[in-house]
Structure formats: structure tokens, C-alpha cells
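# Tertiary structure, described
So you can see what is in the structure, the chains are spelled out below.
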Amino acid sequence: MNMPNLKEAKKRTKNKVEVKKYSLKNEYKNSLKDKTFYIKTYGCQMNEHDSENMRAILKELGMTEVLNFEDADLIMLNTCSIRENAHNKVFGMLGRIKHLKQTKKDVVVGIAGCMAQEEVVVKEILSKYKWMDFVIGTHNIHNLGEIIVNSFNEKKLKIEAESQEGDIIEGMPVERTSKYKAFVNIMYGCDKFCTYCIVPYTRGKQRSRNKEQIINEVKELVKDGYKEVTLLGQNVNAYGKDLNINYNMANLLEDVAKTGIERIRFMTSHPWDFTDEMIEIIAKYDNIMPSIHLPVQSGSNKILKLMGRRYTKEEYLKLFNKIKEKIKNVSISTDIIVGFPGETESDFNDTLTLVNTCKFDLAYTFIFSKRVGTPAEKMLDETPEEEKEQRLYKLNELVNKYALENNKKLEGKIVKVLVEGKSDKEGFLMGYTETNKLVNLKANEMLIGKIINVKILEAKTWSLNGEYVK
Ligand code: 5AD
Ligand code: SF4
């Protein structure tokens, strides 16, 4: 049993990051041929990509994926810890699974992901969810094969989720969800320790992948016909800082651009590490998409300081304006938290003012959620919940107004769209513009997987409608 431990999770040492090679023992390969699995993924793209790795490992065991959890021999939830409601969804789902397990005793049930790295969660599982079979942390994914084989052989709760700063595992198998768009990890973990955020504890210290491995992965994707890569990390702009080599995110972006992949995106940027050199490279290469996610979190300097964000609203605006000025037709999206401890009406108004200045293309907005073990957990939080909800409502109204306004500017224009597949909207296909806007369009299904010209006919707050033009 390897339990997560909050104190250990906070540690950052100068210890070298080990790069290990993934392998699965021969005796495990195809050893679960008659078994099926179900994976449900919560949270961010990092988690989605982890699920792509886990799916591939389970297939190496010979297992087959099913889309209903009731039909599965193995049910695995890849969890997220970012806010309380992510927790609640998982515990709600576990309630339904417990019900199933009463009639289907042999089903193997476990959680992976960020909740598995939380000491409080694992303690709760040990006391109230003993019927579960395994907990596997973010640092242990490469051992999934062994853990699953053991779980089928031995009905006893196994915890493999020790807190560590983390290694890098290369050569993990991957079963990608899309044939056209791929996630590529460029770094893991985070050392920023924003005071509200749990990620540095659940994902370990910042560690960059070797540039050759990244570029080779992208080259392989190009060969396989992929059109788009998203370079993933909790704080991608800090890429390379931990490697002590003279090579940074701007260099990496340039080298990835030179592979010839048609579209490059990257997530998530922290304003702190966003350099002029990066802006120049993004502006220079047509295949680096003019779409930047730049979380601001608050428009109040007092709150930014309490959040430990390391910039003022003036510094954010300076960067924002520089990006807008240098990168042609760039779209900028953001994340905003309301109701952070100590946020007064006047602090909140500062956030509204900043939104009025930036007129973001898109903003993801959240009410502050207390996370166990973070510094903000202990901060005095006097704002009543209803007040926070009203702030969120007001903010959303403003954010939506600008999203629609920005989208309206595209009406009548012709934009490039990577067509990904059928839309939820009957009779339409869907894809994204270079600026990362969702488009529902009328076009022949033969165009799926292609980048085509689309005339925008109608703009809505969250999407655009268009038609294919030659
Ligand atoms: N409460 C509310 N929102 C949070 N986020 C991160 N931690 C918290 C929290 N404790 C938001 C931030 C971040 C996004 C991924 O989630 O805005 O950028
Ligand atoms: Fe959720 Fe953050 Fe973990 Fe992603 S890294 S799964 S957003 S807690």
C-alpha cells in the first residue's frame, strides 16, 4: 500500500528527475482477453491524455472497451480535484457503481487521476469505500497493467498513489481518441503553487520532457496523418527551465513548427513565463495557431497577490496588449475565479473592469472552491455563498456579451476549419477555427479530417454556423 501524503506532496527538492522507459511484463500481455473495461474521464486535457495512455495499457492486457459501465468487468474513473464539484461527481458515480457491485460482485472498480493523489480522499476511501479494488495515482499510471491483473486475481483494496515529485515515463502506449488532433505532453507537474490550486500537490514538481522525444512524437504524428497537436502542460511557458539547458518554450515552438504539422496549440500558459521571444515565434509561424489561453484569475491586485499569481493587473494588461498587437487576428481566452477569500465588491468590480478592457473571446469562470492543504484553505472567507453566486452570474453576463461580440465580427468572413466529425446538431459537421472557435457547418462527410474554408453565416455566443466554400 502506497498512500498519498500531503506533507510529501508539498516537497520540492533538487533531486534529479529520472527518465524511465515503460514496459509491460510479457506474462501480463493478453492475459485478460475475455475481460471488458469502461473508463470515465473528469477534468482537464492532461487527464484526457492520461486516459488515452491507460486505454492503451488495458488493450495490451487484451481487454476490450465498452461504453456502458454496467457492461464492464473493470470500471475506472479518471478523476479531477480542481474544485469540490469535480469531487462530488466522482463520489456520486461511485454510489451508482456500489449499487451495481451488489449484484455484480466480480466487477473490479478503481479510481485514477488527481483525487487518487489526495490524502483526504484516499483516507475517505479506506474508511467508507472499502469495497473498491484499487486507487492508482498520477505517478503510477505506467504500473496500471500490473495493478489491474492483480485486482482480478486478488479481491483486496490496493492503493498505489504515493506522493512524489515524479519521474518521466517515456514510451507509454497511447490509444488516441481522434485521428486528426493529438495531445502531446511537453511537461508534467507545476511549481507555481498558486494559493488556491491543488495541482502542484497532485501532479508533482515541474519536469520537462526531453525536446528530442517531443519532436519525434510530433514527427510520427505528421507521418500518421495528424493535422493538429496540442502541447500540454500545467504551465507550458516554463518549459525547459528545469532542464538547465539553453532551450526554452520559444525554441520548442519553433522546432515543432518546423516539423510541418499543420496546426499547433499549447495549454496552459501562465502570464509569468510568457516571453517576447514566444510572441515573436507565434507571430512568425502560420502553423502556430493564433489562439492563446491566458488565465488572469482576477482583476484586483490585492486578490492577485493573495492568490500568489506573481503579476499585477497592469502587468497582465501589458502582456495582453503586446500579444494582441504582435499576433495577427489572435483570440485570447482566460480563466477567472470569483469569491476568493477577501474579495470585496470593489475587488470584484476590478475584475469586471478588466473584462471590459480585455473583451475576451472566451472566459471560463468559477466560484472559489476550498482545497484541503492549499494555503487558501486557511484564509478568512467571509463572503456569503449567494453573494458569490451573484458575482458569478454578473461576470458570466459580461463575459458572454463579449464572446458574442467577438464572434459576430466573423459573420460573412471566410475562415479555415479543421473538420473533426459529425456535430451534435443533426445534419451538421463540426470543427474549430484557427482561433479555436467551434463551428457547425454544412459540408460533405468526405471533408472530415481536412482543413477547409468555411463562410461564417451566423454567430452565437458559444459557436458559429457556416458553410463550406471552395
Ligand atoms: N477554486 C476555483 N477555481 C479553481 N481553479 C483552480 N483551482 C481552483 C479553486 N480552488 C480554476 C482556475 C484555473 C482553472 C483550471 O481552474 O481558474 O485556471
Ligand atoms: Fe483536475 Fe487539475 Fe488534475 Fe487536471 S491537473 S485533472 S484540472 S486537478
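Everything numeric in this text was worked out from a predicted model, so none of it was measured.

## A few points about the pattern of salt bridges
- A complete count under the given rule lists 32 salt bridges for this structure.
- We note a salt bridge from E228 to R265, for which the minimum N-O separation is 3.0 Å. Taken together, the residues span a long stretch of sequence, with E228 in strand β12 (residues 228-232) and R265 in strand β13 (residues 263-267) at a distance of 37 residues.
- Residue classification places E228 among the buried residues on the basis of a relative accessible area of 2%.
- A relative accessible area of 8% means that R265 is categorised as buried.
- The partner of D347 in a salt bridge is K302, with the nearest N and O atoms 2.7 Å apart.

## A look at the pairing of strand β16 (residues 362-367)
- Residues A363, T365 and I367 of β16 are buried on one face, while the alternating residues L362, Y364 and F366, pointing to the opposite face, are not.
- Pairing of strand β15 (residues 331-338) with β16 involves six bridges; the strand directions are parallel. In the sheet register, I337 faces β16, and the bridge partner there is F366.
- In this fold, β15 hands off to helix α12 (residues 345-358), which returns the chain to β16; that crossover is right-handed.

## Examining helix α11 (residues 313-326)
- In this model, α11 (14 residues) spans 20 Å end to end at C-alpha, consistent with the 20 Å of a helix rising 1.5 Å per residue.
- For α11, the set of buried residues is Y316, L317, L319, F320 and I323. With its buried residues spanning 165° around the axis, α11 presents them on a single face. For α11, the exposed residues set more than 90 degrees away from the buried face come down to K318 and E325.
- On the buried face of α11, the contacting elements are α9 (276-284), β14 (291-293), β15 and α12.

## Quick notes on the site of ligand 2
- Around ligand 2, a shell composed of C44, N47, C80, S81, I82, C114, V199, R203 and Q234 is seen.
- For the shell around ligand 2, a count of residues per class yields five nonpolar, three polar and one charged.
- Composition of the shell around ligand 2 by domain shows at least three residues from each of domain 1 (6-160) and domain 2 (170-408).

## Concerning the packing of aromatic side chains
- As enumerated under the stated definition, the model contains 10 aromatic pairs in all.
- What links up through ring pairs into an aromatic cluster is the set Y311, Y316, F320 and F360.
- If you follow K40 out to its NZ or CZ, it ends over the ring of Y42, 5.5 Å from the centre.
- Over the ring of F428 we find K442, and its NZ or CZ is 4.4 Å from the ring centre.

## Points about the site of ligand 1
- Around ligand 1, the structure places I82, R83, Y196, Q297, D335, I337, F366, I367, F368, S369 and R371.
- Within the side chain of R83, one N or O atom sits 2.9 Å away from an oxygen atom of ligand 1.
- Taking Y196, its main chain carries an N or O atom lying 3.0 Å from a nitrogen atom of ligand 1.
- Out of a free accessible area of 410 Å², ligand 1 has 86% covered by protein chains.
- Of all the secondary-structure elements, those providing two or more residues to the shell around ligand 1 are β15 and β16.
- The residue makeup of the shell around ligand 1, split by class, is six nonpolar, two polar and three charged.

## A closer look at the domain arrangement of the chain
- Here the chain is partitioned into domain 1 (6-160), domain 2 (170-408) and domain 3 (414-468).
- For domain 2 versus domain 3, the distance between C-alpha centres works out to 25 Å.
- Listed per partner, the contact involves 20 residues of domain 2 and 20 residues of domain 3.
- Where domain 2 abuts domain 3, roughly 1,600 Å² becomes buried across the two surfaces, and 55% of that area is made up of carbon and sulfur atoms.
- Looking at the side of domain 2 facing domain 3, the largest losses of area belong to Y180, R263 and N407, adding up to 37% of the total buried there.
- In this assembly, domain 2 and domain 3 are joined by two salt bridges.
- Residue K437 is joined to D361 by a salt bridge in which the shortest nitrogen-to-oxygen separation is 2.8 Å.
- Sorting the residues of the side of domain 2 that touches domain 3 by element identifies β13 and α13 (385-408) as the ones contributing at least two each.
- Residue contributions to the side of domain 2 that touches domain 3 peak at six residues, all from α13.

Cut-off values and rules
- Residues numbered from 1 in each chain as written.
- Chains lettered and ligands numbered in written order.
- Predicted model: local features only at pLDDT ≥ 70, side-chain atom pairs only at ≥ 80, totals over all residues.
- Heavy atoms only, no water.
- Salt bridge = Lys/Arg side-chain N within 4 Å of Asp/Glu carboxyl O.
- Helix = DSSP H or I, 4+ residues; strand = E, 2+ residues; numbered from the N terminus.
- Buried < 20%, exposed > 50% of the residue type's maximum accessible area, 1.4 Å probe, protein only.
- Pairing = 2+ DSSP bridges.
- Right-handed = clockwise from strand over helix to strand, strands pointing away.
- Expected span 1.5 Å × (residues − 1).
- Arc of directions from axis to C-beta.
- Contact = heavy atoms within 4.5 Å.
- Near = heavy atom within 4 Å.
- Nonpolar A, V, L, I, M, F, W, Y, C, P; charged D, E, K, R; others polar.
- Domains from an automatic or database assignment.
- Phe/Tyr/Trp six-rings, centres within 6.5 Å; stacked < 30°, edge-to-face > 60°.
- Lys NZ or Arg CZ within 6 Å of the ring centre and 35° of its normal.
- Polar contact = N/O pair within 3.5 Å; in protein donor to acceptor, adjacent residues only side chain to side chain.
- Areas by Shrake-Rupley, 256 points an atom, 1.4 Å probe, with all protein chains shown as cover.
- Buried area = accessible area lost by both parts, 1.4 Å probe.

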